[in-house]
Amino acid sequence: MTMKSIFDAREIKVEFEKAGINPSFIPLIWKQASISHNDGENFEWEQIPSLPSAAYPLLYSKFKRLTSSLHSLFHSSDHVTSKLLIKLQNGAFVEAVIMRYDTRLGKYNGKPRPGGPRSTLCISSQVGCKMGCKFCATGTMGFKNNLSSGEIVEQLLHATRISPIRNVVFMGMGEPLNNYAALVEAVRVMTGPPFQLSPKRITVSTVGIVHAINKLHNDLPGLNLAVSLHAPVQDIRCQIMPAARAFPLQKIMIEYIMLDGVNDDELHAHQLGKLLETFQVVVNLIPFNPIGTSSQFRTSNEQRVSTFQKILRGIYKIRTTVRKEMGQDISGACGQLVVNPPDKRSIESSGHLTDIEDLHL
Ligand SMILES: C[S@@+](CC[C@H](N)C(=O)[O-])C[C@H]1O[C@@H](n2cnc3c(N)ncnc32)[C@H](O)[C@@H]1O
Ligand code: SF4
C-alpha cells in the first residue's frame, strides 16, 4: 500500500484534523522523525513520546517516516560536490546535489567552515520535465511524475545527514513551478521547525512560467527567484527552449547559459543589456555542461564569456556574475541530472565517477 511521507504537511494535517488530534503536535513529530537514524521500514512511532494515543495507530496506518531511500552516493574527486541518487516509493529515481562552496572565502574548501554550515543543496521537484529544453539532460527524459512535498523535503533530510545544509536551490530535475502546490508546501516545511531554513536561502529556478511567478511572489514572499533566460531575443529562446514565454522581470537573478555561437556574441550581449538595463536584476552567466556526446551545443570559451560580462557590466551597468560549475565529473552539474539505470555496471563503465559509496547496490 502506498503510504504518505510524514513530511507531506497537508496530508498529515488533514488526517489529524479528521481524527480530532491537535495539529500542533506535527512539528514535534517532524523533529523526532528528522533526527532518527532508523531508516528501515519499521520506524516505531512510539519513539516519539507524549503524542495523544489516537496518533499512534493513525501514523502506523497512513504514514512513513521516509518514503524515499538514499540509493547511492557519488563524490567528486575533490569531495566538494556529492550527488545523491534517491529512490522514490514508486520505484523512480531523482537526484540531489550537495555543493560545499564557501562564498565568504570565495573558494571551494570541501568542508563547512567553522561557525556555521555553508553547503548548498540542489534538489529535484519532478521526475523528468515536460519543458523540453534542448540543452538539458532532464528535458530529454520527458515528464514522468511530480514529486510530493514530502518527497521534496526528504531530499533535504537525506542530504542533511551527509553535510549540514544552509542553502537550497530548486535547480535539480524538473520545473518547480509545474509542481506548484508541492513546491509551496515543501518550502513552508523547510522554513519551519525543525529545518528552519531562511527563505532568503532558498532559490526557485524556473524557465519562466508567468502566472506561477506572480503567485509565488504572494505565497512565499522573501524567496529568491532565478529565471533561466539563456537568450536575449525570443527567437533564439524559442529555438532552444520550446516552452519560452514572456515574463515580467522583477528583482530576480537571470540565468544565462553561454552556448558557443548561439547566444554568446557581442551583439547578444548588447541585446541582453538593452533588454535588462531598466530592471534590477543580476545576470549569472553559466557554462554549458555537456549532456552527452551527441549534444549540438558547446560552451563558450573564457574570452567570449569575459567580453560578454564586460559589456553587460561596463555599458549597461548590470551586475553580472560568472558561475563556476561543480560536479561535472559526477554528472551532478546543472542540466546534467538525468537518471540512468542505477545498476553498478553502468555506473562503473561511465568512467566519470571518481568515488562511489554503494548503499544498496
Ligand atoms: C535543470 S534546471 C531546473 C530548474 C528549472 N527547470 C529551470 O529551467 O530553471 C536548472 C538550471 O540548469 C540549467 N541547465 C540546463 N541544462 C544545462 C546544461 N546542459 N548546462 C548548463 N546549465 C544547464 C537550466 O537552464 C537552469 O538554469
Ligand atoms: S532546463 Fe529546466 S525547464 Fe528546461 S527541460 Fe531542464 S529542467 Fe526542464
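Residues numbered from 1 in each chain as written. Chains lettered and ligands numbered in written order. Predicted model: local features only at pLDDT ≥ 70, side-chain atom pairs only at ≥ 80, totals over all residues. Heavy atoms only, no water.

**Q** Before we move on, could you go through the packing of helix H6 (residues 180–191) against helix H7 (residues 210–219) and cite the residues and values that matter?
**A** Relative to each other, H6 and H7 sit at 25 degrees, their axes nearing to 12 Å. Regarding the angle of H6 to H7, the classification is roughly parallel. The chirality of how H6 crosses H7 is right-handed. Across from Tyr-180, Leu-183, Val-184 and Arg-188 in H6, the residues of H7 making contact are Ala-212, Lys-215, Leu-216 and Asp-219. Taken together, the residues of the contact of H6 with H7 sort by class into five nonpolar, no polar and three charged. (Axes fitted to C-alpha atoms, helices over the stretch in contact; angles between N-to-C directions. Helix = DSSP H or I, 4+ residues; strand = E, 2+ residues; numbered from the N terminus. Parallel < 35°, antiparallel > 145°, perpendicular 65-115°, else oblique. Left-handed = near helix turned anticlockwise from the far one by under 90°. Contact = heavy atoms within 4.5 Å. Nonpolar A, V, L, I, M, F, W, Y, C, P; charged D, E, K, R; others polar.)

**Q** Go over the site of ligand 2 with me, naming the residues and quoting the values.
**A** In the vicinity of ligand 2, the residues found are Cys-129, Met-131, Gly-132, Cys-133, Cys-136, Gly-139, Gly-174, Glu-175 and Val-207. The class makeup of the residues in the shell around ligand 2 is five nonpolar, three polar and one charged. (Near = heavy atom within 4 Å.)

**Q** Please give an account of the packing of aromatic side chains that cites residues and values.
**A** A full pass over the atoms with the stated rule returns four aromatic pairs. Judged by centre distance (5.8 Å) and plane angle (55 degrees), the ring pair of Phe-7 and Phe-195 falls under tilted. Placement of Phe-7 in the loop between strand E1 (4–5) and helix H1 (9–18) and of Phe-195 in the loop between H6 and strand E12 (202–206) is noted, with a sequence separation of 188 residues between them. For the ring pair Tyr-256 and Phe-308, a centre distance of 5.3 Å and an interplane angle of 35 degrees mean the geometry is tilted. You can see Tyr-256 sitting in strand E14 (residues 253–258) and its partner Phe-308 sitting in helix H10 (residues 302–315), a full 52 residues away along the chain. Site record: aromatic cluster; members linked through ring pairs are Phe-7, Trp-30 and Phe-195. (Phe/Tyr/Trp six-rings, centres within 6.5 Å; stacked < 30°, edge-to-face > 60°.)

**Q** Any chance you could break down the packing of H1 against helix H2 (residues 26–35) for me, citing the residues and the numbers?
**A** Their axes nearest at 11 Å, the elements H1 and H2 cross at an angle of 130 degrees. Taken as axis vectors, H1 and H2 run oblique relative to one another. Crossing of H1 over H2 shows right-handed handedness. Contact with H1, carried on its side by Ala-9, Ile-12, Lys-13 and Phe-16, involves Ile-26, Ile-29 and Trp-30 of H2 and no other residues of that element.

**Q** Run through the pattern of salt bridges, naming residues and quoting values.
**A** On inspection of all chains with the given rule, the structure shows 11 salt bridges. Residues Arg-10 and Glu-11 are paired through a salt bridge, measuring 3.8 Å at the closest nitrogen-oxygen approach. A salt bridge links Arg-323 to Glu-255; its shortest N-O distance comes to 3.1 Å. With a gap of 68 residues between them, Arg-323 in the loop between strand E16 (319–322) and helix H11 (344–349) and Glu-255 in strand E14 connect regions that are remote in the sequence. Each of the salt bridges in this network shares a partner with another, and the network as a whole consists of Asp-260, Asp-264, Arg-298 and Arg-304. (Salt bridge = Lys/Arg side-chain N within 4 Å of Asp/Glu carboxyl O.)

**Q** Got a sec to walk through the site of ligand 1? Specific residues and values, please.
**A** Lining the immediate environment of ligand 1, one finds 20 residues, of which Phe-135, Ser-205, Ser-228, His-230 and Asn-289 sit closest. Backbone polar atom of Gly-174 to a nitrogen atom of ligand 1: 3.0 Å apart, as the coordinates give it. In the environment of ligand 1, an oxygen atom lies 3.2 Å from a nitrogen or oxygen atom belonging to the side chain of Glu-255. Burial of ligand 1 by the surrounding chains reaches 96%, relative to a free accessible area of 550 Å². Listing elements by their share of the shell around ligand 1, those giving two or more residues are E12 and E14. Here the residues of the shell around ligand 1 sort into 10 nonpolar, eight polar and two charged. (Polar contact = N/O pair within 3.5 Å; in protein donor to acceptor, adjacent residues only side chain to side chain. Areas by Shrake-Rupley, 256 points an atom, 1.4 Å probe, with all protein chains shown as cover.)

**Q** Give a detailed account of the domain arrangement of the chain, specifying residues and quantitative values.
**A** Domain annotation for the chain reports domain 1 (4–64) and domain 2 (69–360). Taken together, the 13 residues of domain 1 in the interface contact 13 residues of domain 2. Buried surface at the junction of domain 1 and domain 2, both sides included, amounts to about 1,100 Å², of which 58% is carbon and sulfur. When residues of domain 1 are sorted by the area they lose upon contact with domain 2, Phe-7, Asp-8 and Ser-34 head the list and together hold 40% of the total. (Domains from an automatic or database assignment. Buried area = accessible area lost by both parts, 1.4 Å probe.)

**Q** Quick rundown of helix H3 (residues 55–62)? Include the residues and the values.
**A** Among the residues of H3, those classed as buried are Ala-55, Tyr-56, Leu-58 and Leu-59. An end-on view of H3 places all buried positions within 165 degrees of arc, on one side of the element. The secondary structure elements touched by the buried residues of H3 are H1, H2 and strand E2 (63–64). (Buried < 20%, exposed > 50% of the residue type's maximum accessible area, 1.4 Å probe, protein only. Arc of directions from axis to C-beta.)

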